[in-house]
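Architecture and fold: a report
Below are the chains, spelled out letter by letter.
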Amino acid sequence: MELLIFYPLAGLCVLFALGVVVSNSPINSAISLIGMMLGLAGIFVLQQAHFIAILQIIIYAGAIMVLFMFVIMLLNLKGKGEDEKWQSRDKNILLNVLGGLLATGVLYKIIDIINAGDFNSPAMPPESFGTVREVGTILFTEFVLPFEVASILLLVAMIGAVVLAKSKVD
């Protein structure tokens, strides 16, 4: 039953991720990223990690994406116009062919691994997986330095956004 929910969610995540990369408009890319993050939160729910799913929605799909949208609108970024669209060139054809061959090889290897593996008995996560206590314990013991570095990085980003906004107003 879980696979009937997982495969559509995973497909939507892949489609939204492609929308992030392919879209010409930064706003459309950001909206596709929000959709992908919501789909990822659904996958976390399927894995019985409800707290991580809530964090995914609140922090990433909420706060971080509001920050991205603020920066996009503050810097007045526009999508590529008709005259600025990417044009295919001879050197890009070689890169496209090499990229296609690489993607085909990677997909072939993934299919080979899937066919060789024993996926009939999935590994069961521990009972405390994804709970508030477990996430807090790991976050503030093993990952305290990356947590603090991320908070300082976000503080610097906010200060930079204020400086950029102030220089445009003056």
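Quick note: structure is the one above.
Each chain carries its own residue numbering, running from 1 in the written order of its sequence. For a predicted model such as this one, the threshold for reporting local features is a pLDDT of at least 70, and the threshold for listing and counting side-chain atom pairs is 80 or more; totals across whole chains, interfaces and linings nevertheless cover every residue. By convention in this description, side-chain values take in all heavy atoms of the structure and omit both hydrogens and water.

This part takes up the overall build of the protein chain. A run of H or I in DSSP becomes a helix once it reaches four residues, and a run of E becomes a strand once it reaches two; helices and strands are each numbered from the N terminus. Along the protein chain, the regular secondary structure elements total six helices and zero strands. Secondary structure of the protein chain in N-to-C order comes out as α-α-α-α-α-α. Each residue gets one of three labels from its accessible area relative to the maximum for its type: buried under 20%, exposed over 50%, partly exposed in between, using a 1.4 Å probe on protein chains only. The burial tally for the protein chain puts 16% of its 170 residues in the buried class. By the convention used here, residues are in contact when the closest approach between their heavy atoms is within 4.5 Å. Of the contacts formed within the protein chain by residues at least 6 apart in sequence, a portion of 63% connects residues at least 24 apart. Accessible surface is estimated by sampling points in the Shrake-Rupley manner with a 1.4 Å probe; for residues, cover comes only from the protein chains shown. Of the roughly 13,100 Å² that the protein chain leaves accessible, carbon and sulfur atoms contribute 73%.

Attention now goes to helix α2 (residues 26-46). Take the residue count of a helix, subtract one, and multiply by 1.5 Å to get its expected span. Helix length check: α2 (21 residues) gives 30 Å between terminal C-alpha atoms against 30 Å at 1.5 Å per residue, within 8%. Close packing links the buried residues of α2 with α1 (2-22) and α3 (50-74). Where α2 ends, the next residue or the one after it, Gln48, has phi of about 65°, a positive value.

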